[in-house]
Amino acid sequence: QLASQKTRVMSDSEDIVPGGCNGDEGMEDSTDSEMHSTPLPKGIKKEIVTEAPESNWKQPVRGDEVSVHYVGRLEEDGSVFDSSRDRGEPFTFTLGKGQVIQGWDKGVATMRIGEVAKFTLAPEFGYGDQGSPPKIPGNATLTFEVELLSFLSKNDLFGDDGVVKTVVQEGSGYLKPRDGQEVVVDCIGYLEDGTEVDRRSDLVIQIGTAFSGFLPDRTVSKVLQSMKKCERARVAIQPDYAFGESGGLEGRVPGGAAVIYEIELKALREVTDVSFLEDKSLMKKTMEEGEGYKKPDEFSSVTLCVSVRGGDGGELVAEREIQFKVGEGRHCELLEATVLHLKKLETCEVRCCDPALYTDEELGLSRCDGEVVFSIKCLDFAAEKEQWNMSESEKIAMAEKRKALGGQFFSSGRSRMAMKKYKGIADQFGCVDSWKDEDLKARAKEMKKLADLNLAACNVRLERWAEVKKNCDAVLKVDNSNVKALYRRAIALMEERDFGNVLRTCEKILQVEPENQAVARLRLKALRGQKEEDKISKALWGRMGGAIGKLGIPDPQPERVPPEFDDFMKESDTQDPVDVGASDGECATATACTGQSSSKTAVIAKEPREVLSN
């Protein structure tokens with residue numbers, strides 16, 4: 001009964017429904033923003049007769065299939081020209097597609113299920129100057145009493161009606177699958193005549209990964225990435241987005257056939273980076289959701305159920321229950337990092353290829369060939385007193401505990417664990433100006449400075465040069481002549497081949513400590529690097545000059561190294577700066593700390609005084 005996008009002329013025996021357009025030749029499809037963000041235009045007046053229940057907060061959007069009852073009257077005399085109630089059958093249409101008059105497309109989009117509203121429409125939002133004879137004269141103002149009964153959310157996923165999704169059951173939460181994540185779905189596929197061609201239960205799909213014997217990857221990813229957990233949807237898929245002209249599913253879908261799939265997203269296995277460095281070395285995949293929202297924090301007592309298998313599925317550690325206090329280093333970094341992201345009764349898997357992260361003496365897990373997979377369930381945890389609820393003296397005591405553990409981790413080569421502790425101190429004392437006790441305030445500021453220095457030392461080991469500079473800058477902001485901060489920053493600059501700034505920084509340090517041999521050697525390394533760069537620049541200028549002929553290109557600038565440099569370097573060439581020892585048994589070189597040889601410049605001989613700040 002719907003009119004097309006031109007005004008209908010109806011006989012006396014026909015029912016009038018609000019289809020078609022006004023007197024204009026056509027009407028553009030309404031957009032979501034027009035229907036939701038923009039208030040109703042001046043020619044549409046809305047009066048709410050009956051409010052919708054408070055629980056029905058959602059409004060339909062463009063493309064949704066809405067079902068309404070209505071009564072239409074001429075405003076002039078109040079006479080009824082059409083009523084779905086008289087017919088005893090609701091009127092259904094697709095919102096925003098021009099299937100009805102403009103006043104309806106715009107007005108119904110403002111309603112909620114259960115709401116009854118009266119709309120008064122000026123002629124330009126009804127049937128215009130042509131009207132719809134004989135019941136509706138030209139230039140007639142109309143009133144409609146409309147009740148929104150229901151709507152089905154439809155989504156044209158590719159914008160060309162190739163894949164249209166209708167939500168049958170709303171999902172829960174707000175998360176939707178992303179590339180790389182796993183989902184578990186049930187689905188049933190039909191032809192348009194109702195013939196079942198596909199049925200699958202507990203199908204595991206990784207978003208963005210090829211999945212043979214099913215719908216095309218782009219279709220599957222587009223559909224699933226539009227769904228939420230527990231959502232059920234009906235998806236109409238045209239041939240170009242289904243199995244094309246060749247057909248599929250072992251001949252059950254003929255060539256050129258459209259298909260309809262009913263899909264339920266049963267589980268969303270969220271994948272999260274839980275590594276301390278946020279470098280994706282530890283990716284946690286949630287297998288079963290936990291309870292509530294709280295998670296263990298530093299120094300919480302936790303009880304886990306843990307098992308480990310190899311990449312080939314072979315058992316490495318049988319399932320066992322373990323109890324420990326987070327952050328004290330009893331277990332491997334994988335467990336220490338992952339537990340901070342677990343809710344009670346949550347189950348997850350963590351895959352890892354780095355033995356430094358998963359080797360665990362207490363579990364009896366040593367270095368393995370290839371990947372290992374941890375299955376972890378958080379059975380219970382008990383948190384310590386929360387930091388915001390601590391007194392100033394308690395916060396200092398916690399920082400002292402972190403500092404002591406950080407030193408132990410650093411000395412044993414667990415640099416990431418040490419970094420976690422020092423970062424906790426730096427964050428904890430980021431703003432202490434409001435503290436009342438002046439002595440404790442001064443102590444907190446000093447501990448933050450030392451924590452930033454030690455963070456820089458950790459990041460030197462880990463070769464995270466941008467972070468080294470960031471840590472040192474935090475120290476130099478409050479102590480601009482701090483030798484350790486200047487030296488560690490110079491190391492980072494050296495690795496970035498910023499020789500000019502290395503030389504300037506070394507000169508600044510040598511003004512304070514002229515006998516510092518580590519800095520002197522770093523300076524020589526920078527001079528040698530600068531000399532090599534100048535040679536390269538000179539050769540480049542020479543080639544450019546020969547190529548472009550007699551354009552008078554000036555010679556390169558003289559080398560920026562002192563004349564005595566060559567003689568000095570002849571003495572130094574046979575003894576690259578290496579570690580000559582560090583206090584307290586701690587490693588003082590960037591390469592020795594990682595236990596690996598490095599093609600990068602080895603620049604640390606012995607740090608001024610000691611590596612870690614006391």
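Structural data are supplied above this passage.
Residues numbered from 1 in each chain as written. Predicted model: local features only at pLDDT ≥ 70, side-chain atom pairs only at ≥ 80, totals over all residues. Heavy atoms only, no water.

J.: Where do I start with the sheet that holds strand β16 (residues 315-325) in this structure?
T.: Where strands meet in a sheet, backbone hydrogen bonds hold them as pairs that are either parallel or antiparallel. Pairing in this open sheet of six strands is antiparallel, and the strands run β13-β14-β17-β18-β15-β16 from one edge to the other. This sheet does not close on itself; its edge strands, each paired only once, are β13 (271-273) and β16. Across the sheet, the axes of successive neighbouring strands diverge by a mean angle of 25°, strand direction being ignored. Examined bridge by bridge, strand β14 (residues 283-288) and strand β17 (residues 347-352) share five bridges and lie antiparallel to one another. When the bridges of β17 are listed, Lys284 appears paired with Val350. (Pairing = 2+ DSSP bridges. Helix = DSSP H or I, 4+ residues; strand = E, 2+ residues; numbered from the N terminus. Axes fitted to C-alpha atoms, helices over the stretch in contact; angles between N-to-C directions.)

J.: Explain unusual backbone geometry here, please?
T.: Both trends apply: most residues other than glycine have a negative phi, and most peptide bonds are in trans. Note the cis peptide between Pro133 and Pro134, where omega equals 5°. Positive phi outside glycine occurs at Asp202, with the angle close to 50°. Structurally, Asp202 is set in strand β10 (residues 196-206). A positive phi is found at Leu345, a non-glycine position, where the angle reads about 70°. The topology assignment puts Leu345 in the loop between α5 (333-338) and β17.

J.: Before we go on, may I ask you to explain the packing of helix α7 (residues 392-411) against helix α9 (residues 438-461) in this structure?
T.: If you want to describe how two helices pack, look at the angle between their axes and the distance between the axes. Across the interface, α7 lies against α9 with an axial gap of 11 Å and an inter-helix angle of 20°. Of the possible angle classes, the one that applies to α7 and α9 is roughly parallel. For the element pair α7 and α9, the recorded crossing hand is left-handed. Contacts between α7 and α9 pair Glu392, Ser393, Ile396, Ala399, Glu400, Lys403 and Phe410 from the former with Leu440, Arg443, Ala444, Met447, Ala457, Cys458 and Arg461 from the latter. Of the residues belonging to the contact of α7 with α9, the class tally is eight nonpolar, one polar and five charged. (Parallel < 35°, antiparallel > 145°, perpendicular 65-115°, else oblique. Left-handed = near helix turned anticlockwise from the far one by under 90°. Contact = heavy atoms within 4.5 Å. Nonpolar A, V, L, I, M, F, W, Y, C, P; charged D, E, K, R; others polar.)

J.: For this particular structure, what's the right way to read helix α11 (residues 483-495)?
T.: Residues that lie three or four places apart on an α-helix share one face, since the helix turns once every 3.6 residues. The terminal C-alpha atoms of α11, which comprises 13 residues, lie 19 Å apart, in line with the 18 Å expected from a rise of 1.5 Å per residue. Of all 13 residues that make up α11, 12 are buried, and the element is covered over most of its length. Residues of α11 that are buried include every one of Val483, Lys484, Ala485, Leu486, Tyr487, Arg488, Ala490, Ile491, Ala492, Leu493, Met494 and Glu495, and no others. Positive phi appears at Arg497, one or two residues downstream of α11, with a value of about 60°. (Expected span 1.5 Å × (residues − 1). Buried < 20%, exposed > 50% of the residue type's maximum accessible area, 1.4 Å probe, protein only.)

J.: Would you take a moment to explain a nonpolar patch on the surface for this structure?
T.: Taken together, the side chains of Leu540, Trp541 and Met544 define a hydrophobic patch exposed on the protein surface, amounting to about 280 Å² of accessible area. Relative to the helices and strands, Trp541 resides in helix α13 (residues 517-548). (Patch = residues over 30% accessible without salt bridge, like charges linked within 9 Å, V, L, I, M, F, W, Y side chains within 5 Å. Areas by Shrake-Rupley, 256 points an atom, 1.4 Å probe, with all protein chains shown as cover. Salt bridge = Lys/Arg side-chain N within 4 Å of Asp/Glu carboxyl O.)

J.: Before we go on, may I ask you to explain the packing of aromatic side chains in this structure?
T.: To describe a pair of aromatic rings, you give the distance between the ring centres and the angle between the ring planes. All chains considered together, the criterion is met by 11 aromatic pairs. Plain terms: the ring middles of Phe93 and Trp104 are 5.8 Å apart, the flat faces sit at 55° to each other, and that makes the pair tilted. Of this pair, Phe93 sits in strand β4 (residues 91-94) while Trp104 sits in helix α3 (residues 102-108); the two residues are 11 residues apart in sequence, bridging distant segments of the chain. Phe93 sits in the buried class, given a relative accessible area of 2%. On the basis of an interplanar angle of 90° and a centroid distance of 5.8 Å, the ring pair of Phe214 and Tyr261 is categorised as edge-to-face. Here Tyr261 lies in strand β12 (residues 259-269) and Phe214 lies in the loop between β10 and α4 (217-224), a separation of 47 residues in the sequence. (Phe/Tyr/Trp six-rings, centres within 6.5 Å; stacked < 30°, edge-to-face > 60°.)

J.: How should I be thinking about a negative patch on the surface in this particular structure?
T.: Together, Asp160, Asp161, Asp240 and Glu245 line one region of the surface with negative charge. Position of Asp160 relative to the elements: it lies in the loop between β7 (154-156) and β8 (163-169). For Asp160, a relative accessible area of 43% gives the class partly exposed. (Lys, Arg positive; Asp, Glu negative; His and termini not counted. Charge placed at Lys NZ, Arg CZ, Asp CG, Glu CD.)

J.: Explanation requested: the environment of Val100 in the structure shown.
T.: Summarising the element assignment, Val100 is placed in the loop between β4 and α3. Take Val100: its relative accessible area is 0%, and that puts it in the buried class. Along the primary structure Val100 and Gly126 are separated by 26 residues, whereas in three dimensions their C-alpha atoms are 9.3 Å apart.

J.: Is there a simple way to explain the pairing of β14 in this structure?
T.: Pairing of β13 with β14, which is carried by three bridges, proceeds in the antiparallel orientation. Residue Asp273 lies in a different strand from β14, and its bridge partner there is Met283.

J.: Would you take a moment to explain the nonpolar core for this structure?
T.: Considering soluble globular proteins, one finds that nonpolar side chains tend to be buried as a cluster. Residues Leu304, Val306, Leu334, Leu335, Phe374, Ile376 and Phe429 are the most contacted members of the largest nonpolar core, which totals 55 residues. With residues up to four places along the chain from it excluded, the contact list for Val306 reads Ala318, Glu319, Arg320, Ile322, Leu335, Leu363, Phe374, Ser375 and Ile376. (Core = buried A, V, L, I, M, F, W, Y, C linked by side-chain atoms within 4.5 Å.)

J.: When you look at the pattern of salt bridges in this model, what are you seeing that I'm missing?
T.: Between side chains of opposite charge, pairing is possible as soon as their charged atoms come close. Evaluation of the coordinates by the stated rule reveals 37 salt bridges. A salt bridge links Glu289 to Lys343; the nearest nitrogen and oxygen atoms lie 3.5 Å apart. Of this pair, Glu289 sits in the loop between β14 and β15 (301-310) while Lys343 sits in the loop between α5 and β17, placing them 54 residues apart in sequence. In this structure, the salt-bridge partner of Glu446 is Lys449, at a minimum N-O distance of 3.7 Å. Taken together, the positions of Glu446 and Lys449, both in helix α9 and three residues apart, correspond to about one turn of that helix. A residue is classified by how much of its surface remains accessible, and Glu446, at 32% relative accessible area, is partly exposed.

J.: Is there a simple way to think about the packing of helix α10 (residues 465-478) against α11 in this case?
T.: As a packed pair, α10 and α11 sit with axes 9 Å apart at the nearest point and diverge in direction by 155°. Between α10 and α11, the interaxial angle falls into the category roughly antiparallel. As α10 packs across α11, the resulting crossing turns out to be left-handed. Taken together, the residues of α11 that come into contact with α10 (itself represented by Trp465, Val468, Lys469, Cys472, Asp473, Val475 and Leu476) are Ala485, Leu486, Arg488, Arg489, Ile491, Ala492, Leu493 and Glu495.

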